[in-house]
Structures are given as structure tokens and as C-alpha cells.
Amino acid sequence: MNALIISAIMGVVMMFSGVLLKQRSTIRGLALTGLFVSIVLNVAQIYGFHLFRINVTGMMSFDRFSLFFNTIAMVCTFIFFLLSAKEMEKVGLNYSDYFSLIFFILCGIILSSSFSSLLILFLGIEIISIPLYILTGSDKRNLKSNEASLKYFLLGSFSTGLMLMGITLIYGNSGSFSLEVIAESISKPEIKPGILLIAGLLLLMFSMAFKVSAAPFHFWTPDVYDGAPTVFTSFMATIVKAAVFIAFMRLFNRAFGDIHDTWKFIIAVITALTLFIGNITAVFQQSVKRMLAYSSIAQAGFMLMAVLALNSIGSEGILLYTTAYCLSTIGLFAILVKMKDYTFEGFNGFAKHQPLLAAVAVIFLLSLAGIPLTAGFLAKFYMINAVIARGGFLWLVILAVLMAAISVYYYFRVIQAMYFKEGEAQVMEVSSSFKWTIAVVAALVILLGVYPQLLFNWFYF
Amino acid sequence: MISLLLILIPLLSGVATFFFKKENAAKSWALFSSIVTLAISLLGLTVLNKTELLQFKCDWLPGLGSSFSIRLDGMGQLLCLLTAISFPLIFISTWNRTYKNAHNFFALMLLSQAGLMGVFLAMDALLFYFFWELALIPVYFLSSIWGAERRIAATFKFFIYTFVGSLLMLVGLIYLQSLTPDRSFDIKSFYALAINGKTQNWIFWLMFLAFAIKIPVFPFHSWQPDAYEQSPTAVTMVLSGIMVKMGLFAVIRWLLPVLPSASFAFGEKMISMWAIVGMIYASLLAWRQDDMKRLIAYSSIAHLGLMVVAIFSESEIGMQGVMIQMFNHGINILGLWVIVEILERKYGTRKLSELGGLAQKAPAMAIFFVVIALANIALPLTNAFVGEFMMFTGIFTSQISEYEMLTVPAAGITIILGAIYILRMVQKVIYGNTNSLTETGTDIGVNEKLVLGIIVILIIVVGVYPQPFLDLTKDTTDFILNKANLFPLFKK
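Residues numbered from 1 in each chain as written. Chains lettered and ligands numbered in written order. Predicted model: local features only at pLDDT ≥ 70, side-chain atom pairs only at ≥ 80, totals over all residues.

(A) Looking closely at the overall build of chain B. The number of helices and strands found in chain B is 20 helices and two strands. Expected size for 492 residues packed as a compact globule is a radius of gyration near 23 Å; at 22 Å, chain B falls within 12% of this value. In chain B, buried positions account for 61% of the 492 residues. For chain B, contacts bridging at least 24 residues in sequence account for 83% of all contacts bridging at least 6. (Helix = DSSP H or I, 4+ residues; strand = E, 2+ residues; numbered from the N terminus. Rg over C-alpha atoms; globule rule 2.2 N^0.38 Å. Buried ≥ 20, exposed ≤ 12 C-beta atoms within 10 Å, placed from the backbone. Contact = placed C-beta atoms within 7 Å.)

As C-alpha cells, this is what we get:
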């Protein structure tokens, strides 16, 4: 609750800060301070400190899991600001508005990770989506950015429609928006789930699959991620996607966990398709940015395994997975923004000019590929473990690891370009504070890969 | 404590090496670190050989049932010793070679040593997997940065090949963990498992594929000649001397005792047959090679094939033969690589057709070369004779083999073929007349004499008096076979 209200206030404050503050560095400082305050207050709420006492029973519930995820999401946003806030200046004139929109998205993230009613879920997802449409199109003079924005908006609205329809049907079946009531109405083993419920469930599943860009609902992703300004792609592909996953898992765990058997096969097929299409298509990309878009689809396939497994290993795992994925991808994008040429050839000889950035990029790429000693490995390990513990989906696990092996191909192409090929990589100016920050992020990725207890100990105690 | 030091010393000194700026400093530091590791390993074998010193255990990932558990047993001792001996020898024999960004080169070498040590020490399946990959990643970078012309494609093939295998192994390991009652990755829990035959069968394939690629067993060998040829020789030494032993070692430690019925079902009837086909095929190919690196690469497939057959014969003497032969093969092939390295540095070629007459110009090298070559053919009084003799005896007298009348003669043919291609190599390199390239040849220097001398001494000492090695591995062998031979019914 603390963080939700602070973020909302910060959103409004940032909107007007552009009028009052002329210095861009002050605006940036204000945003960082606001975000820091809301992180601190959110952590305080984990330990029982409530700044606001508002009764939201039945609408939202801030349990440990959601508070913990909110912290992760906000810390990742903080890192994102530290690494890329300066780059936002280059996107367009309305510098303060971008921060404002991001704060609103954070509100949506908090809503959708803590909802206990389908209404709040809908609100959360929409509050996330609408600012994203704007951010995607924020590079106004770029045709690709405009196209991406329009495409995202049209398809996004369509999937919102699906979601609303699904919510309506489920309301028709159980007479309530509350997750508990819905779960109760379907938990009786003697009653077979009715057609209303099944249809509603499927519509909800498809619309959520759209939002996390799972195949076969992924077609918007490459174009939108490619067209959007790179700084915002970084935010969209990581923190936002992670939040929607948490919502996805929360919804299916709390409301439909008891009829897991009826829908698990569909999720398994979606997972398999996502893994397959994401990885295979990524192999053929020529631009690193587009490759990362497809890789985000592929990574979504792994995260879907937590929704399929729905057990404690899975929920622990998705926390680690989102953290590992967000940190690595934000770091990679932060480096990508500094490049003049986004193709693989643009990275040729990068290691010679920027040895530190290249080494850090290697760590991020290894983490995304799931190589041991990095957080990405343990994250994938948790997912595989969760599905095996659930039982019955060994074919999916084997497919997943084979796809992970394919992913090595395209991640390592970047490494090969940076280290083993000669060339003149064109890099923009890199400040030393940027280098320090990104080195710390890389150290975090390794630390989590060796000792993930760091994250979980804090979660449990 | 000893076991922990064996991992920590190369790991920490490897990380430190990244920060050295001078080439010579990095080189000396790496050599120093590897000698310290060797000393620790020798201490662990002799003075400090106490159970409580050889094992170490602490919590690592309690939620997943995995702990940081390492222990040196007999087989581990032998392979750690091989790793510990090899690295100083590699560093000394390639001392005169210069590398671009040498500090990175030596840092990665030491990191791969840490990974190898970890593989041989790990007593926890997840930890084992960790080190398995940790050994691979540095080698990938080493070969891709400092290798020959076609290095990028060749090493990438090698990497993808092994990575696919190891991921499938990971699935197998996780599945095994989910079957244990306490959901633990500990090796004891794995050994306590009794899994039904059908489940064993496909877990066996998930895991064996990783090992088969690493060894490599025919038909999974196609990465190997390219990778050996394109890597810098120091890395080829690591790859062929030590790294391929990871596969054999893993079969013995993680496959046979955990999945006995599947190992029995597929081992002799299928995998041994593949290995035999591979041995003959690789020997024939080795015969026709002109490049020394490729020749040795193919000979390595043939030698390791025999070890695979011996492992799956599941007899005590055969198994002990495999363990001692893993050590011997590492030493012998290292010797051959040192010779190749010298030739390549001095004459700029590895082609048999371009060399010749070196016995006149470099008599000391010629003597060492001949001894090492004879050891590779397993002549009596050399170390490989002991190993191969034991393996043949094991296969022939095994209680479970049914096709020994087929496998033993077929394997015997490859010994003859081995003599042909190795002697052909010796003949082309050191006999005959000198040509324009070798006319100005000189003999080898002190450090090369030192390395080759140590190798030759090891060859002869182990060849004449192998008993300490047999004593060392006896407990492990008995234990493994006890676990593996669960089916007295099948015995003849």
C-alpha cells in the first residue's frame, strides 16, 4: 500500500516537475529520490509499518510474496534509472513525462501483483498498458516508433477485450470477482467445471498469454520491441513482463489452482510453442535488438513453466527467474543503447575498445543462456525442478533444455563478435559511474548464481 | 581441507591472474600456483591422507537439497593427481610461447583447472554439474581466442555439442533427485536409490549422452578432431589429457552404481559395440592422417573406446585397469602433445610429410619421442601395458560379458593398428633424410627435457611398479562394482 500511493503521487509530481524544474539532472534526481522512498517504504511494509491504513479487503491483499516481488520490481526500476535515465533525454522533449509514465506503470505493477479481485487485476493490467502505448510511440518523428505504438495499441486493446469477456463469463459462473469466492465455487470435486467457467478461464489465459508475449500470441512483440525507443524496450521487456507473469501466476494459482488438471495441458502446449518459436526465430535475427525481443519470448517460455508447475519451487523460482532475467536484460540493453550499430557486426571488436563493458556483457549473456555460476542457470534450474516435481511433463522439460541449448547459439554470437572478431565497434561516450553501476549489477548476477539464498533468506525471514 | 584447497587454489589464483599486467608475471604466477596445487595433491596422497582432511561439507542450497560436499576417494585421488601433475607440465612445456593478453590466458587455464578438480571431487550431483560446466566455459574462451584459423566454428561446435549433452544430463540428475525420498542431490541418496528398470533406461540415456559426447564414444565424436586441431596446444593438452577423463569418470561414479540395470542392459550389448566400431574406425583414420594433431586426436578416440568397453564389462580387474589407464593415457598423450608443440614451434608445421630426419638433428628429443610412442602402443614395461593388459583380462574374464569372443579380438586389432599409425608417425618425423625445413634443426632445451624426462620417468615407474596405484583404487572399484552388480541372476 505504501509504495502504491507513493508511486501514484510521484507520477503526478513528475508530470508537473517539467514545468517547474528546468534542469534535467534535477528531474532525474527527483525521480530517483521518489523511487528510493517508495522502495524503503515498501520494505518497511514487509516488517509491518503502514504509512496509510486503508481498508482494501477483498480487493487487494499485500502478502509477503507480492510485497517481495514489488521490491524486486522497484529495485530493478531503480537500477534501470541509474543506467539508462540519461538516455531518455535523447528520446524526445518531454523528459519529465517519461518518468511520470513509468511511475504510473509501477502503480499498475503493484496492483497486478497484489490483486485479490478480478477488477483490480483488470485495472492493474490496463494501468500498465496505457502508459506503455505512449512510451512506445514517444519517439514521435520516427515512423517505426509510431507504427509500433499503433500496432501495440490495437492488439493490446483487443486482448483487453478478451480479458474483460473472460472476467464477465467467470462472474456469470460464480457470481463474484473475488478470487476466493471463485476458487470456492469450483473447488467441489463432485461438480464438473461448467462451460462458462472453462470459456472464461481460456479467455483469461489467452489474454494473459498475449501480455507476456507467449506463442501463439506473440506476433506483436518483435515489432513493438524493435520499434520502441531502446530505453523503453528495456523497461517493457523486463520489469513489466515480470509483473504480468506474477499476475498470471497469482490468478491461476488462487482462482483456478484446484482445477489445475483441466487447463495444465493447454499451458504446457503454450509453453512448448513459446519456447520453440522464440528460440528458433531468434537464431535468424541480424539485429541484436530484435534478437533480444525474440529472446524475451523464449525466456517467457521458461517463466511459463512456473505457471504450469504451480508449486512452492515454482513460486520461489519465478522470483529468482524474474530477478535474474531483469538484471541481465536491463544490463544488456543499457550497453546496447550505447552502441551506434545494433547489428551483430556492430559488436565486432567491442572487447578491445571497452574491455570492462564487454566482460560485463558476457556475464549477462551467459546468465540469459543459463550457464552455471550465473543467476540465469539457477533460475532455469528452479523451473525445470518445479516441473519435474509436478510430474508428467518430462517431454516439456527435455524440449526446454534443448531449446536452451539453441539459445546458446544466438547469445554466443554476440560474444563471438565482441571477442573473437576484428572490427571497430562504434560506442558512444561511457561515463565511469555507468561502468561502476553496471559492474555492480554483473556482480549481483554472479552472486545470485552462486548463492541465491541471499534473495530467499530475505524473503522468508 | 585438502580437497577444498585443491579447488580453491586454482580458482582464487586464477581470478587473481586476470589483474596481472606483465606477461612473465602472469606466467610465473600460474606455474607457481599449479606447483602448489601439485604439492597439496601429493600431501593428500601421502602424509595428510586422513579421512577427515580429505572431505569437506557445508550448506549451499538447502531448499533444493544440495550441499557443497566434496571428498577425495581413491579414484578421485588418482585423477586429481593427474590434473595436478599435468598443469605444471603444460605450463613449462609451453613456456616459450607468447600469447596476446597472456594474463587472461593463464587466468582461464587456472579456472579450468579448478573446474576439473571440482568434477573429480564433487559428492553432490548439482555441484558436480556446476563444476562440469565451469571446466568447459574457460576452455571455450581459450580455444576461441587463442586458437588456429578455423577456431571459432570448431570450438562453437564443440561447445554446443557438450552443452546439449550436459543439459540433458541435468534433467536426468533432477529427475533422480525427485525420486530420492529425502529429495537430495547427495551422492549417498543417489546410491541408495532402487529404480525400476523402465525408468532407469531412459534416465540412463539422458545422462549417458553427456558422457558419451565428452569421452567421445563413436558416433558422438565428430567435434573432437576439429577441436583438438584448432585449439592452442596447451588447451589441447587439457582437453585430451584430462577433460575426456571427465566422461569416463562420470560413467563410473554417477552412472554404473546409480543405474545398474540400465547400464547392464545397454552397456555391453550396445555401447561397447559402438565403442569397438569407433576404435577400428578411428584407428584407420589415424593411419591416413598427415597432421600430427589430428592423428593423435583419432588415436585418443581409439584408446578411450577400449576403456569404455572395459568399464561396461564390470569386472574388478577391468575397472582397475580403466582407472590406472585414465592416468596413464593422460600422461602419455601429454607427452605426445609436448613433442607436437616443440615441432610446431621449431619448424612451423605439424605435417608428417614436411618433417623427417630429426633423429640426427635432435637426438634427445628422438629418444623421448620413441619412448612415449612405445608407451602409447602399450609395450611391456611401459605404463599403458599395465592398464591395457588389465582391461583385456577384465573384458575376457568378465562375469557379465557375452560377446567377449567378439570384442576382445576386435579390440586387439586396434592395438595392432595403433602400432602401425604411431610407428608410422615416429618414422616420418625422426627417421629418413632431413629436408630443407629440418636441416637447421636443433635439439630441445632444458625445460623441455625436464618435462619429457618427468613424463618418461612416470611411464616407466608406473609400468614397472603399478601396485601403489592399484591399492589406491581398490576400495573405489569394489564399492562401485558392489553397487553395480545387483543382478546375480544374470551372471553366467
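Right, picking up where we left off after that structure.
(B) Spatial organisation of the overall build of chain A. A count of helices and strands for chain A gives 19 helices and zero strands. Taken over the C-alpha trace, chain A has a radius of gyration of 21 Å; the compact-globule value for 461 residues is 23 Å, and the two agree within 12%. C-alpha atoms of chain A, sized along the principal axes, occupy 70 × 55 × 45 Å. Taken across its 461 residues, chain A has 58% of its residues classed as buried. Residue pairs at least 24 apart in sequence account for 82% of intrachain contacts in chain A once pairs closer than 6 positions are excluded.

(C) Representation of the environment of Val 370 of chain B within the structure. Summarising the element assignment, Val 370 of chain B is placed in helix H16 (residues 363-377). Spatially, the C-alpha atom of Val 370 of chain B lies 27 Å from that of Ile 276 of chain B, the residues being 94 residues apart in sequence.

(D) Representation of the interface of chain B and chain A in the model. Every contact between the two is made by 22 residues of chain B and, on the other side, 22 residues of chain A. Contributions of two or more residues to the side of chain B that touches chain A are made by helix H6 (125-146) and helix H7 (151-179) of chain B. Examining the composition of the side of chain B that touches chain A, we find that 12 residues originate from one element, H7 of chain B, more than from any other. In terms of residue class, the side of chain B that touches chain A is built from 18 nonpolar, three polar and one charged. (Nonpolar A, V, L, I, M, F, W, Y, C, P; charged D, E, K, R; others polar.)

(E) Expanded view of the packing of helix H1 (residues 2-17) of chain B against helix H5 (residues 102-121) of chain B. All names here are of chain B. Between H1 and H5, the shortest axis-to-axis distance is 7 Å and the interhelical angle comes to 160°. Of the possible angle classes, the one that applies to H1 and H5 is roughly antiparallel. Where H1 crosses over H5, the two elements pack in a sense that is left-handed. Contact residues: H1 offers Ser 3, Leu 6, Ile 7, Pro 10, Leu 11, Ser 13, Gly 14, Val 15 and Thr 17, while H5 offers His 103, Phe 106, Ala 107, Leu 110, Leu 111, Gln 113, Ala 114, Met 117, Gly 118 and Leu 121. (Axes fitted to C-alpha atoms, helices over the stretch in contact; angles between N-to-C directions. Parallel < 35°, antiparallel > 145°, perpendicular 65-115°, else oblique. Left-handed = near helix turned anticlockwise from the far one by under 90°.)

(F) Focus on the nonpolar core. Judged by nonpolar contacts, the single largest core of 375 residues is most densely connected at Met 305 and Val 387 of chain A. Counting residues per element, this core draws most heavily on H6 of chain B, which supplies 18 residues. Sequence-distant contacts of Met 305 of chain A, defined by excluding residues within four places in its chain, comprise Thr 271, Met 383, Ala 386, Val 387 and Ala 400 of chain A. (Core = buried A, V, L, I, M, F, W, Y, C linked by C-beta atoms within 7 Å.)

(G) Inspection of the packing of helix H15 (residues 355-369) of chain A against helix H17 (residues 394-420) of chain A at higher detail. Residue and element names in this part refer to chain A. Axis separation between H15 and H17 bottoms out at 9 Å; the angle between their running directions is 170°. Overall, the two elements H15 and H17 adopt an arrangement that is roughly antiparallel. Here Ala 358, Ala 361, Val 362, Leu 365, Leu 368 and Ala 369 of H15 come into contact with H17, specifically with Ser 407, Val 408, Tyr 411, Val 414, Ile 415, Met 418 and Tyr 419. Counted by class, the contact of H15 with H17 contains 12 nonpolar, one polar and no charged residues.

(H) Fine view of helix H13 (residues 292-313) of chain B. A rise of 1.5 Å per residue sets the reference length of H13 of chain B, with its 22 residues, at 32 Å; its end C-alpha atoms lie 32 Å apart and thus fit the reference within 8%. Glu 314 of chain B sits one or two residues past H13 of chain B and shows a positive phi near 50°. (Expected span 1.5 Å × (residues − 1).)

(I) A look at unusual backbone geometry. Here the residue pair Ala 215 of chain A and Pro 216 of chain A is connected by a cis peptide bond, since its omega of 0° sits within 30 degrees of zero. Structurally, Pro 216 of chain A can be placed in the loop between helix H8 (195-211) and helix H9 (220-227). Cis geometry marks the peptide bond from Ile 215 of chain B to Pro 216 of chain B, where omega comes out at -15°. Topologically, Pro 216 of chain B is positioned in the loop between helix H9 (197-214) and helix H10 (224-230). Positioned with a positive phi, Ser 213 of chain A is a non-glycine residue whose angle comes to about 55°. When you line up the elements, Ser 213 of chain A lands in the loop between H8 and H9. Look at Asn 101 of chain B: it is not a glycine, yet its phi comes out positive at around 50°. Secondary-structure assignment places Asn 101 of chain B in the loop between helix H4 (74-93) and H5.

(J) Region of interest: the confidence of the model for chain B. All names here are of chain B. Confidence along chain B averages 86 in pLDDT terms, with 98% of residues attaining 70 or more. Taking the mean pLDDT of every element in chain B, the minimum, 77, falls on helix H3 (residues 51-54) and the maximum, 90, on H5. For this predicted complex, the interface confidence reaches an ipTM of 0.86, while the overall pTM sits at 0.90. (pLDDT = per-residue confidence, 0-100.)

(K) Representation of H4 of chain B. Between its first and last C-alpha, H4 of chain B extends 29 Å over 20 residues, near the 28 Å set by a 1.5 Å rise per residue. In terms of residue burial, H4 of chain B counts as a mostly covered element, since 19 of its 20 residues are buried.

(L) Spatial organisation of the confidence of the model for chain A. In the predicted model, chain A carries a mean pLDDT of 89, and the fraction of residues at 70 or more is 99%. Per-element confidence in chain A is highest for helix H5 (residues 118-136) of chain A, whose mean pLDDT is 93, and lowest for helix H19 (residues 453-460) of chain A, whose mean pLDDT is 73.

(M) Structural view of the pairing of strand E1 (residues 55-61) of chain B. Across six bridges, the pairing between E1 of chain B and strand E2 (residues 66-71) of chain B is antiparallel. When the sheet's bridge partners are listed, Lys 57 of chain B is paired in E2 of chain B with Ser 69 of chain B. (Pairing = 2+ DSSP bridges.)

(N) Up close: the environment of Ser 34 of chain B. Residues and elements named next belong to chain B. Residue placement: Ser 34 occurs in helix H2 (residues 23-45). Along the backbone, Ser 34 and Asn 383 are 349 residues apart, and their C-alpha atoms lie at a distance of 24 Å. Sequence-distant contacts of Ser 34, that is, excluding residues within four places in its chain, are made with Phe 87, Pro 88 and Phe 91.

(O) The environment of Ile 422 of chain B, seen in detail. Residues and elements named next belong to chain B. Assignment of secondary structure puts Ile 422 in helix H18 (residues 404-430). Ile 422 sits in the buried class, given 22 other C-beta atoms within 10 Å. A sequence separation of 306 residues divides Ile 422 from Leu 116, and the C-alpha atoms of the two residues are 29 Å apart. Apart from the residues within four sequence positions on either side, Ile 422 is in contact with Ser 299, Ala 373, Asn 376 and Ile 377.

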